[in-house]
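A closer look at the structure
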Amino acid sequence: MSDIAERVKKIVVEHLSVDESKVTDNASFIDDLGADSLDTVELVMAFEEEFGIEIPDDAAETIQTYGDAVKFITANS
Amino acid sequence: MFDLTGKTALVTGASGGIGGAVAKALAGQGAKLALSGTRVAPLEALAGEIGEAAVLPCDLSDAEAVEALPKRAAEALGGVDILINNAGVTRDQLFMRMSDEDWARVIAVNLTSVMRLSRGVLRGMMKARWGRIVNISSVVGVTGNPGQANYAASKAGVIGMSKSLAQEVASRGVTVNCVAPGFIATAMTDALNEEQRGRILGGIPAGRMGSAEEIAAAVVYLASAEAAYVTGQTLHVNGGMAMI
């Protein structure tokens, strides 16, 4: 697993207090990991800080799953 | 009670009567202050009186300056735990004579800047899982007042905005409330003549104008840890002139 994927997973596990095994590529933050809409905003903020990137609102909306997040950050950092 | 030791607070409009009293009261409870306003000399004087405070002049009708203010405050204080949106302007005019400019300026300073500053401090508050936003509204935002359609709209807008934001961030330990002063003795009310004063006092059951310190006390309460379960509320401090 790449370093980025590892770091993203750590943020998701910590922020949503979920078991690491549940954070799979297709795991939806809202539907599978129990996030509410404010959690998703906070996750995006945490990703921005961890990776020193800017995630615009329209891009943030496309980040629905753990896999989406890893893909976006890999492509933009 | 109401100890604010270790907390940091940004107060806008601190060069005015109510803002100055709010800043002094927060500092008196132990908070570290950043004072914002348009007039530098009174801000410096207030900082001197408080002992230690950051002075951050800012024109709240300037969008870029408003965006930058929370960052400047966070740099000066190490974070912003408490935001007091106190700054406000009036451009009174009968509605039929009110210009677009009178309207836009009051909405920009009294309402839009409150949104921008609140947005600017929220990230830090959400991460800290603790935050207090206290917006100074006005009794006229609820009752209306002839000649103040723009001001009343801006102050009513602040109440609606606060209630919405309060619902969004309550689960993160951040509260958003308003204090709505009635007639408060400041330089603005000193300018009233005896007849105007008499008419106003006749409508106030307490029979007197309020003091800036009485507004500050309400702000201190809402900013405190003790008020953690109070959010989306408007605390009216008006000597009974409107009971809402």
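Computed from a predicted model, the values in this text were never measured in an experiment.

**Quick notes on the overall build of chain A**
Summing up its helical and strand segments, chain A has four helices and zero strands in all. Along chain A, from the amino end to the carboxyl end, the secondary structure elements read α-α-α-α. Over its C-alpha atoms chain A spans a radius of gyration of 11 Å, differing by no more than 12% from the 11 Å that the globule rule assigns to 77 residues. Along the longest, intermediate and shortest principal axes, the C-alpha atoms of chain A span 25 × 25 × 20 Å.

**Re the interface of chain B and chain A**
In this assembly, eight residues from chain B lie in contact with eight residues from chain A. Surface buried jointly by chain B and chain A totals about 680 Å² across both partners, of which 43% is contributed by carbon and sulfur atoms. Its largest share of buried area at the contact with chain A, chain B owes to Arg123(B), Met126(B) and Arg172(B), together 70% of the area lost on that side. Joining chain B to chain A, the criterion identifies seven salt bridges. With its nearest N and O atoms 2.9 Å apart, the salt bridge here joins Glu48(A) to Arg123(B). Across the chain B-chain A interface, the total number found is five residue pairs in polar contact (both at pLDDT 80 or more). Every element with two or more residues in the side of chain B that touches chain A is listed here: helix H4 (100–128) and helix H6 (149–169) of chain B. Per-element tally for the side of chain B that touches chain A: the top contributor is H4(B), with three residues.

**Considerations on the sheet that holds strand S3 (residues 53–57) of chain B**
Residues and elements named next belong to chain B. Strand order in the open sheet formed by seven strands is S3-S2-S1-S4-S5-S6-S7, and the pairing between neighbours is parallel. Single-partner strands in this sheet number two, and they are S3 and strand S7 (234–237). Across the sheet, the mean angle separating the axes of adjacent strands is 15° when strand polarity is ignored. Across the sheet, helix H1 (residues 17–28) is in contact with strand S1 (8–11), strand S2 (32–37), strand S4 (82–85) and strand S6 (174–181); its angle to S1 comes to roughly 175°.

**Brief notes about the UniProt feature "modified residue: O-(pantetheine 4'-phosphoryl)serine" (unreviewed entry) in chain A**
Under the UniProt annotation, the feature "modified residue: O-(pantetheine 4'-phosphoryl)serine" (unreviewed entry) is placed at Ser37(A). Turning to its location among the elements, Ser37(A) is positioned in helix H2 (residues 37–51).

**Some words on the UniProt feature "domain: Ketoreductase" (unreviewed entry) in chain B**
On the UniProt side, "domain: Ketoreductase" (unreviewed entry) is annotated at positions that read residues 7–187 of chain B here. Taken end to end, residues 7–187 of chain B comprises 51% helix and 18% strand; its first and last C-alpha atoms sit 30 Å apart.

**Things to note about the pairing of S4(B)**
Residues and elements named next belong to chain B. Neither face of S4 is left uncovered, since the one carrying Ile82 and Ile84 and the one carrying Leu83 and Asn85 both have all their residues buried. With three bridges joining them, S1 and S4 adopt parallel strand pairing. Its bridge partner lying in S4, Val11 is registered against Ile84. For the handedness criterion, the β-α-β arrangement of S4, H4 and strand S5 (residues 131–136) is classed as right-handed.

**Focus: the UniProt feature "domain: Carrier" (unreviewed entry) in chain A**
Sites flagged by UniProt as "domain: Carrier" (unreviewed entry) map to residues 2–77 of chain A. Helix makes up 61% of residues 2–77 of chain A and strand 0%, with an end-to-end C-alpha separation of 13 Å.

**A closer look at the packing of H2(A) against H4(B)**
Look at H2(A) against H4(B): their axes get within 11 Å of each other, and the N-to-C directions meet at 100°. Between H2(A) and H4(B), the interaxial angle falls into the category roughly perpendicular. Residues Leu38(A), Glu42(A), Met45(A), Glu48(A) and Glu49(A) of H2(A) form the contact with H4(B), whose own contacting residues are Arg123(B), Met126(B) and Lys127(B). When grouped by side-chain class, the residues that make up the contact of H2(A) with H4(B) number three nonpolar, no polar and five charged.

What counts and how
- The written sequence of each chain sets the order in which its residues are numbered from 1.
- Labels follow written order: the first chain is A, the first ligand is 1, and so on.
- Per-residue local features of the predicted model are confined to residues with pLDDT of at least 70, and side-chain atom pairs are confined, for both listing and counting, to 80 or more; whole-chain, interface and lining totals are unaffected and use all residues.
- Hydrogens are left out, water is left out, and the side-chain values use all remaining heavy atoms of the structure.
- A run of H or I in DSSP becomes a helix once it reaches four residues, and a run of E becomes a strand once it reaches two; helices and strands are each numbered from the N terminus.
- The reference for a compact globule is 2.2 Å times residues^0.38; the radius of gyration itself is calculated from the C-alpha atoms.
- Here, residues are in contact when the closest pair of their heavy atoms is within 4.5 Å.
- Summed over both partners, the accessible surface that disappears when two parts come together, traced with a 1.4 Å probe, is what is meant by buried area.
- One speaks of a salt bridge when a side-chain nitrogen belonging to Lys or Arg is within 4 Å of a carboxyl oxygen belonging to Asp or Glu.
- Under the rule applied, a polar contact is a pair of N or O atoms within 3.5 Å (in protein, one hydrogen donor and one hydrogen acceptor; residues adjacent in sequence only if both atoms are side-chain atoms).
- Any two strands with at least two DSSP bridges between them are considered paired.
- In this analysis, axes come from line fits to C-alpha atoms, helices being fitted only over the stretch in contact, and the angle between any two N-to-C directions falls in the range 0 to 180 degrees.
- UniProt positions are given in the numbering used here, feature names are shortened, and annotations may be inferred rather than shown by experiment.
- Only protein chains enter the accessibility calculation, which uses a 1.4 Å probe; a residue is then buried when its area is under 20% of its type maximum, exposed when over 50%, and partly exposed in between.
- With the strands pointing away from the viewer, any crossover whose connection runs clockwise from the first strand over the helix to the second is right-handed.
- Roughly parallel means an angle under 35 degrees; roughly antiparallel, over 145; roughly perpendicular, 65 to 115; everything else is oblique.
- Any residue outside Ala, Val, Leu, Ile, Met, Phe, Trp, Tyr, Cys, Pro, Asp, Glu, Lys and Arg is labelled polar, Gly included; the first ten of those are nonpolar and the last four are charged.

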